[in-house]
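# Report on the structure
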Amino acid sequence: MGQVIAVANQKGGVGKTTTAVNLSACLAASGKKTLLVDLDPQGNAGSGLGIDKNALENTLYDALVNETPMAECVIDTPVAKLRMVPSNKDLVGAEVELVDVERREYRLREALESVRGDYPYIIIDCPPSLSLLTVNGLAAADGVLVTLQCEYYALEGLSELLQTIILVRDNLNKPLKLQGVLLTMYQHTNLSKQVVADVRSHLGDKVFQTIIPRNVTLSEAPSFGQPVIHYDPKSPGAVAYVALARELISRG
Ligand SMILES: Nc1ncnc2c1ncn2[C@@H]1O[C@H](COP(=O)(O)OP(=O)(O)OP(=O)(O)O)[C@@H](O)[C@H]1O
Ligand SMILES: [Mg+2]
């Protein structure tokens, strides 16, 4: 059975989507069939792969709320071996519509069951909240990859997130593990170096060896609808995400 990894942090703009898209593309490029699931109503993961959010027949919303079979919500991407389940603002409604539904925390897990066997990796891009959608992501996952931006308040909010992971583990999904903490937007400044040292001293070997640099190429690539390994494979951002995919595969 493949691995399901939720990329999460309730803080906004810390590199979740950039990581979900580029890690997925790098896993696919290394021969691992990958499914990217966009659990964020902002729909940024799809845009980053050049997908027109307004021209979708089905989205994750249909799988979660209307019980449309997941296979009918999966679409191709421009990247070989990478497919995705896109989302758009319809997904905002799912929060409300699922409130009274039984086993509402397991909607994503159950929806993914029929396709799990087809992919060695399923990567879930979570929204910046600890909402029912994120809980669905955590309940569906084997592991959580937490992105932390190398800035002054990097660790702020982390204890709340770890607490949520523990709650989900205790109540919904026992085997859920902290897959790893990924430092993003690293710059060669004293502040970035200090953040890396602090995070490593708090979280030890839970922190990925790979660190993602702040690299303008990573922020440009989505506007061309491409993962960075297509847009500029030699850029520092591309090299870093290739290394992250390798590290993840080798950690097993
Ligand atoms: N390593 C990086 N170098 C430069 N820019 C980056 C890097 N990582 C992310 N960015 C840019 O920072 C912004 C926020 O990144 P991203 O969308 O990945 O964060 P997020 O955590 O998914 O945000 P949200 O919480 O809104 O979903 C984007 O404009 C993105 O292009
Ligand atoms: Mg995002």
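This section reports on the structure supplied with the text. (Residues numbered from 1 in each chain as written. Chains lettered and ligands numbered in written order. Predicted model: local features only at pLDDT ≥ 70, side-chain atom pairs only at ≥ 80, totals over all residues. Heavy atoms only, no water.)

## Looking at the packing of aromatic side chains
To be explicit about the condition: Working definition: a ring pair exists when centres of Phe, Tyr or Trp rings (six-membered ring for Trp) sit within 6.5 Å. Plane angles under 30 degrees give stacked, over 60 give edge-to-face, the rest tilted. Categorising residues by exposure relies on relative accessible area from a 1.4 Å probe, with only protein chains included: less than 20% of the type maximum marks a residue as buried, more than 50% marks it as exposed, and the intermediate range marks it as partly exposed. Geometrically, a charge over a ring is one whose NZ (Lys) or CZ (Arg) sits within 6 Å of the ring centre while staying within 35 degrees of the ring normal.
For the coordinates displayed, the defined rule picks out two aromatic pairs. Here Y152 and Y153 contribute two aromatic rings whose centre-to-centre distance is 4.9 Å and whose plane-to-plane angle is 70°, an arrangement assigned as edge-to-face. The exposure class assigned to Y152 is exposed, which follows from its relative accessible area of 63%. By relative accessible area, which is 47% here, Y153 ends up partly exposed. Centroid distance F224 to Y231: 5.0 Å. Interplanar angle 25°. Geometry classified as stacked. It is K33 that lies over the ring of Y119; its NZ or CZ is 5.2 Å from the centre.

## Quick look at the pairing of strand 2 (residues 34-38)
For clarity, the threshold we go by: Strands here are runs of E lasting at least two residues and helices are runs of H or I lasting at least four, both read from the DSSP assignment and numbered beginning at the N terminus. Between any two strands, at least two bridges found by DSSP are needed for them to pair.
In terms of burial, strand 2 is a largely internal element, five of the five residues being buried. Judged by which residues are buried, strand 2 turns out to be covered on both faces: T34, L36 and D38 on one side and L35 and V37 on the other are all buried. As paired elements, strand 2 and strand 4 (residues 82-85) share four bridges and run parallel to each other. Directly across from V37, in strand 4, lies its bridge partner V85.

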